[in-house]
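Each chain, letter by letter, is given below.
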Amino acid sequence: MQTDWKLLLQPEFEKSYFKQLQKFVKADRNQFTVFPSHENVFRAFELTNYADTRVVILGQDPYHGANQANGLCFSVQSDVAIPPSLKNIFKELQSDLDFTPNTKIANHGNLEHWAQQGVLMLNTTLTVRAGEAGSHQGLGWETFTDEVIRIINNKSHPVVFVFWGAMARKKKLLINTDKHHIVESAHPSPLSAHNGFIGSRPFTKINNALAIANFKPIDWRIN
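Small disclaimer: the values here were computed from a predicted structure and weren't measured.

A separate point is the overall build of the chain. The secondary structure content of the chain amounts to eight helices and six strands. Going residue by residue from the N terminus, the α and β elements of the chain occur as α-α-β-α-β-α-α-β-β-α-β-α-β-α. Relative to the compact-globule value of 17 Å for 223 residues, the chain shows a C-alpha radius of gyration of 17 Å, a close match. The principal-axis extents of the C-alpha atoms in the chain amount to approximately 50 × 40 × 30 Å. Buried residues in the chain amount to 52% of all 223 residues.

Laid out in structure tokens, this is it:
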């Protein structure tokens, strides 16, 4: 981690729970395939500096399919098929921003373009064993990412927090809503997208909140 996050998170790296977590992940990599790759675990922090963070989108686990996870929540490598949840995100994006049916939002699922504009694409758990969703939950990653949220909550300027799904929405308790803005709905998973995600217009809400804070809107198109 070579951005301003390194200094901010250094106290967390020194804590015993984090050292134990890293020992576990290292041991798990020796026995199983673990995603994302070692060099991409902290990719979200490499692409979005703390100073530049204007929006936080919170996911759960990294994708656990082969070659999918790239260190950003909901994002996949450019040469990997777009997963169902991300398809629903793109579907809502198309509808929300009134793109015509012929407007090509993206031909891949790599969301680095969002991250480079100040959108921290954060999972609550940063690693997962291949084919085993939730396999690295409850080991310390949640403690670490809760601290990340607290650090962002302490920023002097408003930040837009995006919570999709029940697990993400629990993090509202960490946010000073007098200063920051929350956009929330059901998860974009096919199991829940039609229970409140589809039609929620999150991208318009995010950009409206950024405008109130005198920030540039996010260009949500990928290409």
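Moving on, we get to the environment of Phe74. Within the secondary structure layout, Phe74 lies in the loop between β2 (55–59) and α4 (84–96). Judged by its relative accessible area of 9%, Phe74 falls in the buried class. Separated by 52 residues in sequence, Phe74 and Gln22 place their C-alpha atoms 23 Å apart. The contacts of Phe74, once residues within four sequence positions are left out, are Ile57, Leu58, Gly59, Tyr63, Leu86, Ile89, Gly109, Leu111, Trp164, His187 and Pro188.

Attention shifts here to the sheet that holds strand β3 (residues 119–123). Think of a sheet as strands paired side by side through backbone hydrogen bonds, with each pair either parallel or antiparallel. A sheet is described by the order of its strands in space; here four strands give the open sequence β3-β2-β5-β6, paired in parallel fashion. Looking at which strands have only one partner, the edges of the open sheet turn out to be β3 and β6 (181–185). In this sheet, adjacent strand axes meet at a mean angle of 20 degrees when their direction is disregarded. Looking at chain direction, β2 and β3 are connected through five bridges and run parallel. Looking across to β3, one finds that Val56 is bridged to Leu120.

Turning our attention to unusual backbone geometry. Look at the link from Phe35 to Pro36: it is a cis peptide, with omega at -10 degrees. Examined against the element boundaries, Pro36 turns out to sit in the loop between β1 (34–35) and α3 (43–47). Residue Asn67 is not a glycine yet carries a positive backbone phi of 65 degrees. Tracing the backbone shows Asn67 in the loop between β2 and α4. A residue is classified by how much of its surface remains accessible, and Asn67, at 56% relative accessible area, is exposed. The residue Asn214 is not glycine, and still its phi comes out positive at about 65 degrees. Tracing the chain through its elements places Asn214 in the segment after α8 (202–212). For Asn214, a relative accessible area of 72% translates into the label exposed.

All right, on to the packing of α4 against α8 then. What describes two packed helices is the angle between their axes and the distance between those same axes. In contact at an axis separation of 8 Å, α4 and α8 are set at 65 degrees when each is read in the N-to-C sense. Along the contact surface, α4 presents Ile89, Glu92, Leu93 and Asp96, while α8 presents Pro202, Phe203 and Thr204. Partitioning the contact of α4 with α8 into residue classes produces four nonpolar, one polar and two charged.

Evaluated as defined, the whole model comprises eleven salt bridges. Residue Lys19 pairs with Glu14 through a salt bridge whose shortest N-O separation is 3.9 Å. With its nearest N and O atoms 2.8 Å apart, the salt bridge here joins Arg129 to Asp28. Of the two residues, Arg129 sits in strand β4 (residues 128–129) while Asp28 sits in helix α2 (residues 16–31), which places them 101 residues apart along the sequence. Residue Arg129 is classed as buried on the basis of its relative accessible area of 15%. Exposure remark for Asp28: the relative accessible area of 3% places this residue in the buried category. Three or more residues joined by partner-sharing salt bridges are found here, namely Asp28, Arg129 and Glu132.

The rules behind the values
Residues numbered from 1 in each chain as written. Predicted model: local features only at pLDDT ≥ 70, side-chain atom pairs only at ≥ 80, totals over all residues. Heavy atoms only, no water. Helix = DSSP H or I, 4+ residues; strand = E, 2+ residues; numbered from the N terminus. Rg over C-alpha atoms; globule rule 2.2 N^0.38 Å. Buried < 20%, exposed > 50% of the residue type's maximum accessible area, 1.4 Å probe, protein only. Contact = heavy atoms within 4.5 Å. Pairing = 2+ DSSP bridges. Axes fitted to C-alpha atoms, helices over the stretch in contact; angles between N-to-C directions. Nonpolar A, V, L, I, M, F, W, Y, C, P; charged D, E, K, R; others polar. Salt bridge = Lys/Arg side-chain N within 4 Å of Asp/Glu carboxyl O.

None of this, on its own, says anything about what the molecule does.
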